[in-house]
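# Fold and contact review
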Amino acid sequence: MPNVVRAAMLAVMALLLGACGTYVQTQVTAFHSLPPGVAGKRFVMVPYKDQQDSLEWRSYSDLVASKLESKGFVRAEQLNGADLAVFMVYAIDGGRTSVSAVPMYGQTGGGTTTTTTGYVGSTPVYGSTYTPPTYGITGYAPVESTVYGRAVKITILDVPASYSQKKGVPVYEATATSAGSNGTLNVVMPAIVDGIFKDWPGPSGATRTVTTPLSTTK
């Protein structure tokens, strides 16, 4: 295969692989009973017991709080006096590894062929023929890939109603799942949170698939 053709194919493959890595696809399912006029309500980010000393939780909770503020909510630091309490859990699995075959391209025929056409005494006489080369698949190479599953769940409770009923009264629940080659949760978390809050809160009970550019959310 001519060098220029090989270089062009490698460049195209690099662009395609790069594009796959710059987007995160998230499936978001939300249930809510948010009343009208929620803008201006005060909310507080509340950690679960095992998140209380987690810097990772603080980073992710700031992402969620920023999105709520962009929707018109006001962040509070104390539960007393807040209208809403926001809880969040997140997880990433160990990944699932699979092996697939990628075709290898090269010259499959043609070119210059040298053969013995006769002898002069005991000395062979050689001749050559040329046919245009052909290119195609010459074999397959194994490629190993790992896909990681990520999940985020956000629950928002009505604080006054929860106090009066002495139990948690949710007004919003969203579960977001995604899968991809990046096994570092903090890298993809901004894109997942963006997916949750795109067209928020969305139809209750519906599942939406949201594709978010990763490069704009780092």
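Below, the structure is looked at part by part. None of these values were measured; they are calculated from a predicted model. (Residues numbered from 1 in each chain as written. Predicted model: local features only at pLDDT ≥ 70, side-chain atom pairs only at ≥ 80, totals over all residues. Heavy atoms only, no water.)

## A few points about the side chain of Thr-26
Condition: In DSSP terms, a helix is any run of H or I states spanning at least four residues, a strand is any run of E spanning at least two, and both are numbered starting from the N terminus. Throughout this description, buried means an accessible area under 20% of the type-specific maximum (1.4 Å probe, protein chains only), exposed means over 50%, and partly exposed covers the range between. Contacts are assigned to residue pairs with any non-hydrogen atoms lying within 4.5 Å of each other.
Tracing the sequence through the fold places Thr-26 in strand 1 (residues 23-32). The exposure class assigned to Thr-26 is buried, which follows from its relative accessible area of 0%. Sequence-distant contacts of Thr-26, that is, excluding residues within four places in its chain, are made with Ala-176, Thr-177, Ser-178, Ile-192, Arg-208, Thr-209 and Val-210.

## Topic: the environment of Glu-144
Position of Glu-144 among the secondary structure elements: in strand 6 (residues 123-158). Once the C-alpha coordinates of Glu-144 and Ala-101 are considered, the two residues, 43 residues apart in sequence, prove to be 8.7 Å apart. Setting aside anything within four residues of it in sequence, one finds Glu-144 in contact with Thr-97, Ser-98 and Val-99.

## Thoughts on the nonpolar core
Put simply, the test is: What we call a nonpolar core is a set of buried Ala, Val, Leu, Ile, Met, Phe, Trp, Tyr and Cys residues that are connected through their side-chain atoms within 4.5 Å.
Ranked by size, the top nonpolar core spans 34 residues in total, and within it Val-64, Leu-68, Ile-154, Ile-156, Tyr-172 and Ile-196 carry the most contacts. For this core, the secondary-structure elements that each account for two or more residues are strand 1, strand 2 (42-45), helix 2 (55-70), strand 4 (84-92), strand 6, strand 7 (170-180) and helix 4 (185-197). Ranked by residue count, the leading element in this core is helix 4, at eight residues. For Ile-196, the contacting residues outside a window of four places in its chain are Val-28, Val-152, Ile-154, Tyr-172, Ala-174, Ala-176 and Arg-208. Among the nonpolar cores identified, the runner-up in size contains seven residues, and Val-44, Ala-82, Ala-85 and Leu-157 belong to it.

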